[in-house]
Amino acid sequence: MSQRLVPDGLWALAEPLLPKFEARAQGGGTAPVDERAVFTAVVFVLTSGCAWRMLPPSFGVTVPTAHRRFTAWTEAGLWRRLHRAVLDELGSKGLIDWSRAVVDAASIRAKKGVLTGPSPVDRGKSGSKLHVLSDRAGIPLAVAISAANTNDAEALRPLVRAIPAVRSRRGPRRRRPAKLHADKAYDHTELRRWVRDRGIVVRIARKGIESSDRLGRQRWVIERTISWLTGYHRLNIRYDRKATHFLGFLTLAAALTGYKKLAKTKSAT
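What comes next is a walk through the structure. Quick caveat, the model's predicted, so the values are computed rather than measured.

### Some thoughts on the layout of surface pockets
Looking at the largest pocket, its volume works out to about 410 Å³. Forming the boundary of the largest pocket are 19 residues, of which Trp79, Arg80, Val143, Leu247 and Thr251 lie nearest the centre. Those elements that provide at least two residues to the lining of the largest pocket are α5 (78-92), β4 (140-147) and α9 (243-268). For the lining of the largest pocket, the per-class residue count stands at ten nonpolar, six polar and three charged.

Given below as structure tokens:
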């Protein structure tokens, strides 16, 4: 199971990014642990959706150690840097299609915590919203979270700004898609102008003009990406009170989704 959750190729990308443990000169402190075992335990929690306290002892990591290390790695920005490392690998092999980016959001139920709010699509129950921007093939380029009662359009600017400068097969790094597709929730004149000012062609559906059938030709790509992400069961319902922890899990899921594409390409060659 450990090799399936964290194959050697993924670990080779993640290991150099881990914050290093430094023993205190006066002794004491946290004892060193098998970091790959901890990383695998974190991926298991994300994939299975289990509570930390239900972490199987077969991973060889105690629950407090796994949770404490996940917290430290989240605070150190590990998941964001791992996501970028995966995108760099994909970009260097020409596997990111910059001809079009697609953006959308999805609401999920949530317990109390930061960035939660009454969901307009779930009878006002507490919820959060996942915001995702992908390339033309559905590879997630940027992710974010908000309260469930946040308008989708409010996340567009942060998502576009969050696209990292990704390595290319030839030439300089790239972070700007040629076009941006979005549904009618993003139909705001100011947003259109903002996107155009960044040299990106706008393809945002207009309210009362474009039919849902035409919109669906592009929207299915991002809907599939969101389905891939929520396939990691920890993202189905938000149990994490800390928004940074939930965003950490979402970003790790984005990195794993990209790595699957990378691994699939390697196995084909």
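### Some words on the side chain of aspartate 135
Its place among the elements puts aspartate 135 in strand β3 (residues 126-135). Looking at aspartate 135, its side chain comes within polar contact range of the main-chain nitrogen of aspartate 97, at 2.9 Å. A distance of 2.7 Å separates a polar atom in the side chain of aspartate 135 from the backbone nitrogen of isoleucine 139.

### A closer look at the pairing of strand β6 (residues 201-204)
Taking every second residue as pointing to the same face, the buried face of β6 carries Val202 and Ile204, while none of Val201 and Arg203 on the other face is buried. Taken together, the four bridges between strand β5 (residues 179-182) and β6 define a ladder with parallel strand orientation. For alanine 182, the partnering residue across the bridge sits in β6 and is isoleucine 204. On the question of chirality, the crossover connecting β5 to the parallel β6 by way of helix α7 (residues 189-197) is right-handed.

### Describing the packing of aromatic side chains
Taken as a whole and assessed by the stated rule, the structure comprises nine aromatic pairs. On the numbers, 5.0 Å between centres and 50 degrees between planes, the contact of phenylalanine 44 with phenylalanine 59 is tilted. Separated by 15 residues along the polypeptide, phenylalanine 44 in helix α3 (residues 35-48) and phenylalanine 59 in the loop between α3 and α4 (63-75) bring together distant segments of the chain. The same class applies to phenylalanine 44 and to phenylalanine 59, which are both buried. With a centroid separation of 6.2 Å and an interplanar angle of 35 degrees, the aromatic rings of tryptophan 52 and phenylalanine 249 are classed as tilted. Residue tryptophan 52 is found in the loop between α3 and α4, and its partner phenylalanine 249 is found in helix α9; the two are separated by 197 residues along the sequence. Given the relative accessible area of 10%, tryptophan 52 is considered buried. For phenylalanine 249, a relative accessible area of 0% corresponds to the buried category. Each member of the aromatic cluster is reached from another via a ring pair, and the members are Trp11, Phe39, Trp52, Phe70, Trp73, Trp79 and Phe249.

Rules used in this analysis
- Residues numbered from 1 in each chain as written.
- Predicted model: local features only at pLDDT ≥ 70, side-chain atom pairs only at ≥ 80, totals over all residues.
- Heavy atoms only, no water.
- 1 Å grid on protein atoms, 1.4 Å probe; cavity = no way out; pocket = protein on both sides within 12 Å on 5 of 7 lines; lining within 4 Å.
- Points joined across faces, edges and corners; volume = space filled by probe spheres on them.
- Helix = DSSP H or I, 4+ residues; strand = E, 2+ residues; numbered from the N terminus.
- Nonpolar A, V, L, I, M, F, W, Y, C, P; charged D, E, K, R; others polar.
- Polar contact = N/O pair within 3.5 Å; in protein donor to acceptor, adjacent residues only side chain to side chain.
- Buried < 20%, exposed > 50% of the residue type's maximum accessible area, 1.4 Å probe, protein only.
- Pairing = 2+ DSSP bridges.
- Right-handed = clockwise from strand over helix to strand, strands pointing away.
- Phe/Tyr/Trp six-rings, centres within 6.5 Å; stacked < 30°, edge-to-face > 60°.

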